[in-house]
Amino acid sequence: MRLRDHAFACVRRMGLHFLLALIAIAFSADLSFAQPLFFQLEFGELGEEPGQFEQPAQMTPTPWGSICITDLEGDRVQEFDLDGNLIRVWGESGSGPGQFDGAGGITVGTDGTLFVADVANHRIQEFDATGQYRGEWGRQGDGDGEFFYPYDIVSNGDGELFVSDAGNDRIQVFDEHGQYLRQFGESGSLPGQFQGPYGIDLDSDGNLLVAEFHAHRVQRLSPNGDPLLVFGSQGWYPGEFDYPRDVAAAPNGGIFVVDESNHRVQCFDGDGEFLYFWGDDGLEDGYFHYPGGVCLTDDYVFVLDTFGQRVQRWGRARPEDLRMKPIARWFVGIDEYYGGASTAAVSPDLDVVLGFSRAPFVRRFRDDGTLLASWGTEGTDPGEFQSASSVATGSDGMVYVADYRLHRVQSFTPEGELVAHWGQGGNSDGSFRELRDLAAWSDGTEHRVYTVDKVRNRVQVFASDGTFLFAWGETGTGDGQFTGAHSIAIGSKGEVFVCDEDRIQVFASDGAYLRSWTARGLPEDFHNSLGGVTVDPAGRVYVTIPPADRVRVFDGSGTLLFEFGRPGYANGWFDLPIDVEASPDGRIYVVELYHATVQQYEPPRDAPSSDAPTGRTLTLNTPNRDTPGREMSTGDKGGTAVDSRQRSDVDSREFPAQLRRSVPVRVVPNPFVGQATITFDLPEAGYVALSIHDVTGRKVHEAPPTWMDAGAQQLAWSPDELGANAGSISSGTYFYQLRVTGPGTVRGTGPAPIALETGRIQHVR
């Protein structure tokens, strides 16, 4: 959280030239806030031993080159070097000197004193650099110098300490001896007022940044409390927040915000304009599970993954991060109804052809994103579409389009003139049950079109005019059999690569089985479905794993070479990469369904330089994330957890993200004493179930599903209703999970998911 508190004061005293030099050194082009960072390492796990965490809350870098991290539930402070090696630990539960009841924000004073917000003891404690207790100040109350849950603290490097007095919705300012100086703020929603001021930081001009947890916004104020900037509102679109918990300022003007319940970190410029975000819910590297804090050092950005019980370090790109260099990106959405593209093909003249699974359109772009042609209207006549779900291009420039709703293939000239069409629903040769993908191949004299049928689990091969030639495959898990065959690609040597749920099988052009491998390579509880597949001119095989927001790259025999992509909105990061395509010159195109963009990459570099990704960024648009295109099925999540870290029962695996709908939820009051009321707006009628979990994931309360009509509804939770078990519900942090299901089924697996919402409740006895 703290970004070189002393450096800011030194910069102001030593002048503009020193400021420019510091920016040039500490935040070079690789680490500029305007360029997305790269995951490097993580450390920590759930536990009480040194180096483990029980809800790590806040952190600060020290002038002596370490970071100090507080443990909200563990009631202690731990100091690590920048590589995650433990240096020392101090603190324990209690209210005496050096003890904590919720260790919160931490900062370093001008003489090296460490100041720690002791949240539930309503005080600030002082320690020397080795963790020895030196003093304390403050008590519970709402008067000058009193606190009600002080959450965070930051030094301006000139002898002043700013404290976020969260329970009193104000900021108080003290000198380093604990003498009260001034305060500003009050409860309210106007600029300069607060609703849960949690994480705070000071920018390079000495202005205060405040993350308002309950107002879902960030404010910038002068050192005296004059409001200067307000940005953000509740939501999950880029630039919106769902309980922002912490904020950190970069020396060159960037603002990092921990967006806790959206499981991500967002980056903004100095004017509060959204730049990018990274992260999604999960325990994989680069994912977060309710992150709580962020701080910057000269070389790194550290993120506290609070309920993942770990710390992640992000920083400059390493050579392995730059195997794939993004060089362009462009927005390809039709509108809010039709959403983004779902499939791509690259023609011999390097034009990019896109199809839309939810739209009756095919579009052709130049490789710089310039739209060249668009054709198709909704209908069932030749040349019309119900769904342009997959496209392929032949070596002669012909464009082949699969329409899985009409069970047919159509071929067009590059300008969109209809040439031929074939296929219908059925089980006979030349018919389809669920036509999912197709690929074109030629040996120089003969042109063929290979198709995959997901329901019938077979590959059919046609001449370019639609004449059926032959087929192979059946349902099963053996060699040459498929389970949900859905994607196909053909290499330069004529080998045919077919994806089903979790493996790639390779065949000769006549259908003879050659080899196969499992391409998933992810924990069983994450996702078992592959997306699109392609083969580049060098024989490397690329496969997207959409819910994992990454692309994996293999050699032709199935050896994993590397992978790229993380969840987020920036060049090189993805949100449901649904398809991937290689061009004849080796460039790689990735289609993002949710962001409605196409990203273009240079061919992989075997010995990449340390240059940061460069090139033209062609999109500044943010598509509507709630478009019908999100209904594109990419398979089911399944399996059991395989992870050394403890997982919560708050689990969304049976609620695929692409099938959920947003339900606005509000808890009043929060924190609460006695009873909390959970209000929400149902988008449609359904069964509503409420469960309450503690910070370890243990379920402490569950209400049976109740049928509720669409519209405003509410449920209440009171620990006192648990009778004899009420005493086990102590003060602290809990999570609610609101599940809404419909009476139907999804692929025959049970109640149809409508919504799944999770949030935090603070209980006070």
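Residues numbered from 1 in each chain as written. Predicted model: local features only at pLDDT ≥ 70, side-chain atom pairs only at ≥ 80, totals over all residues. Heavy atoms only, no water.

1. Points about the overall build of the chain
If you tally the helices and strands in the chain, you get two helices and 58 strands. Looking at the 765 residues of the chain, the share that counts as buried comes to 61%. In the chain, once contacts between residues fewer than 6 apart in sequence are set aside, the share between residues at least 24 apart is 53%. For the chain, the accessible surface area stands at approximately 27,200 Å², while carbon and sulfur atoms represent 47% of it. (Helix = DSSP H or I, 4+ residues; strand = E, 2+ residues; numbered from the N terminus. Buried < 20%, exposed > 50% of the residue type's maximum accessible area, 1.4 Å probe, protein only. Contact = heavy atoms within 4.5 Å. Areas by Shrake-Rupley, 256 points an atom, 1.4 Å probe, with all protein chains shown as cover.)

2. Observations concerning the sheet that holds strand β44 (residues 533–535)
Taken in spatial order, the four strands line up as β44-β45-β46-β47 in an open sheet, and their pairing is antiparallel. At either end of the open sheet lies a strand with only one pairing partner, and these are β44 and β47 (560–564). On average, each strand axis in the sheet is tilted by 20° relative to the strand beside it, whichever way the strands run. One ladder, built from four bridges, connects strand β46 (residues 550–554) with β47; its direction is antiparallel. Residue pairing in the sheet places Phe554 in a bridge with Leu560 of β47. (Pairing = 2+ DSSP bridges. Axes fitted to C-alpha atoms, helices over the stretch in contact; angles between N-to-C directions.)

3. Focus on the nonpolar core
If you look at the biggest cluster of nonpolar residues, it comprises 23 residues, and the most contacted ones within it are Ile678, Phe680, Val688, Ile692, Trp717, Tyr736 and Ile761. When contributions to this core are tallied by element, the ones reaching two or more residues are β52 (665–668), β53 (676–682), β54 (686–693), β55 (699–708), β56 (711–717), β57 (732–745) and β58 (751–763). (Core = buried A, V, L, I, M, F, W, Y, C linked by side-chain atoms within 4.5 Å.)

4. Focus on the pattern of salt bridges
Evaluated as defined, the whole model comprises 27 salt bridges. Between Arg123 and Asp118 there is a salt bridge, with its nearest N and O atoms 2.7 Å apart. For Arg123, a relative accessible area of 4% puts it in the buried group. Accessibility expressed as a relative area gives 0% for Asp118, which makes it buried. The salt bridge involving Arg364 is made with Asp351; its shortest N-O contact spans 2.7 Å. Taken together, the residues span a long stretch of sequence, with Arg364 in strand β30 (residues 362–365) and Asp351 in the loop between β28 (343–346) and β29 (352–355) at a distance of 13 residues. Each member of the pair, Arg364 as well as Asp351, carries the same accessibility label: buried. Because the salt bridges share partners, they merge into one network encompassing Glu42, Asp305 and Arg310. (Salt bridge = Lys/Arg side-chain N within 4 Å of Asp/Glu carboxyl O.)

5. Regarding the packing of aromatic side chains
One pass over the structure, following the stated rule, counts 48 aromatic pairs. On the basis of an interplanar angle of 45° and a centroid distance of 6.4 Å, the ring pair of Phe288 and Trp314 is categorised as tilted. Note that Phe288 is positioned in the loop between β23 (274–278) and β24 (293–296) and Trp314 in strand β26 (residues 310–315), a separation of 26 residues in sequence. Consider the rings of Tyr450 and Trp472, whose centres lie 6.3 Å apart with planes at 70°: the pair is edge-to-face. Of the two residues, Tyr450 sits in strand β37 (residues 447–453) while Trp472 sits in strand β39 (residues 468–472), which places them 22 residues apart along the sequence. (Phe/Tyr/Trp six-rings, centres within 6.5 Å; stacked < 30°, edge-to-face > 60°.)

6. Description of the sheet that holds strand β41 (residues 496–499)
Read across the sheet, four strands follow the order β40-β41-β42-β43 without closing on themselves; strand pairing throughout is antiparallel. Here the strands that pair on one side only, and so sit at the sheet edges, are β40 (487–490) and β43 (513–518). Neighbour-to-neighbour, the strand axes of this sheet turn through a mean angle of 20°, independent of strand direction. Bridge analysis of strand β42 (residues 503–507) against β43 gives five bridges, and the strand direction is antiparallel. Residue pairing for β43: Ile504 is matched across the bridge by Trp517.

7. Points about the environment of Phe564
With respect to the secondary-structure elements, Phe564 resides in strand β47. For Phe564, a relative accessible area of 9% corresponds to the buried category. Along the chain, Phe564 and Asp321 lie 243 residues apart, while their C-alpha atoms are 7.4 Å from each other. The residues touching Phe564, leaving out its near neighbours within four places in the chain, are Met324, Tyr542, Arg550, Val551, Val553, Phe574, Val590 and Tyr601.

8. Thoughts on the environment of Gly473
Turning to its location among the elements, Gly473 is positioned in the loop between β39 and β40. Residue Gly473 is classed as partly exposed on the basis of its relative accessible area of 31%. If near-sequence neighbours (up to four positions away) are discounted, Gly473 is found in contact with Asn457, Arg458, Gly480 and Phe482.

9. Things to note about the confidence of the model for the chain
The predicted model of the chain has a mean per-residue pLDDT of 82, with 82% of residues at 70 or higher. Ignoring residues within four places in sequence, the model shows residues 607–660, a span with pLDDT below 50, making 148 contacts including any to other chains. Segment residues 723–727 is flagged for pLDDT under 50; beyond a separation of four residues in sequence, or across chains, it makes four contacts in the model. (pLDDT = per-residue confidence, 0-100.)

10. Some remarks on the side chain of Ser583
Relative to the helices and strands, Ser583 is located in the loop between β49 (577–582) and β50 (588–592). Polar side-chain contacts of Ser583 include one of 2.2 Å to the side chain of Asp585. (Polar contact = N/O pair within 3.5 Å; in protein donor to acceptor, adjacent residues only side chain to side chain.)

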